[in-house]
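# Results of the structural survey
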Amino acid sequence: MYAFELHQVRSAELIRRAEARRTVREAVLARRAARVAARAAARVSGQDGPGGRVSGDPGRFARAA
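Summary of the structure given here. As the structure is a computational prediction, the values presented were derived from the model and not from experiment.

Another point: the overall build of the protein. Broken down by element type, the protein carries one helix and zero strands. In the protein, which comprises 65 residues, the proportion classed as buried is 2%. Counting only carbon and sulfur atoms, one obtains 58% of the accessible surface of the protein, whose full area is about 6400 Å².

Next up on the list: the pattern of salt bridges. The full count for this structure, using the stated rule, is three salt bridges. Residue R17 pairs with E13 through a salt bridge whose shortest N-O separation is 3.3 Å. Of this pair, R17 and E13 are both found in helix 1 (residues 2-45), four residues apart, which corresponds to roughly one turn of the helix. In this structure, a network of salt bridges that share partners links the residues E13, R16 and R17.

Among the surface-exposed residues, R31, R32, R35, R39 and R43 lie close enough to one another that they form a single positively charged patch. For R32, the position within the fold is in helix 1. For R32, a relative accessible area of 44% puts it in the partly exposed group.

What counts and how
Residues numbered from 1 in each chain as written. Predicted model: local features only at pLDDT ≥ 70, side-chain atom pairs only at ≥ 80, totals over all residues. Heavy atoms only, no water. Helix = DSSP H or I, 4+ residues; strand = E, 2+ residues; numbered from the N terminus. Buried < 20%, exposed > 50% of the residue type's maximum accessible area, 1.4 Å probe, protein only. Areas by Shrake-Rupley, 256 points an atom, 1.4 Å probe, with all protein chains shown as cover. Salt bridge = Lys/Arg side-chain N within 4 Å of Asp/Glu carboxyl O. Patch = residues over 30% accessible without salt bridge, like charges linked within 9 Å, V, L, I, M, F, W, Y side chains within 5 Å. Lys, Arg positive; Asp, Glu negative; His and termini not counted. Charge placed at Lys NZ, Arg CZ, Asp CG, Glu CD.

Printed below as a string of structure tokens:
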């Protein structure tokens, strides 16, 4: 009986860990999708979104020695 109870506890723990990993993975994918959508929307609207091109004169700074 003791071995069966240990098996049940271990099984329940593995199920909890799997669910936690699934939740984290879903959150990461949702954040990634939101970031991609925001960049695409900024590109379409012509706004300077995060990670866009840097505007300005590239020769503005002196060359390093």
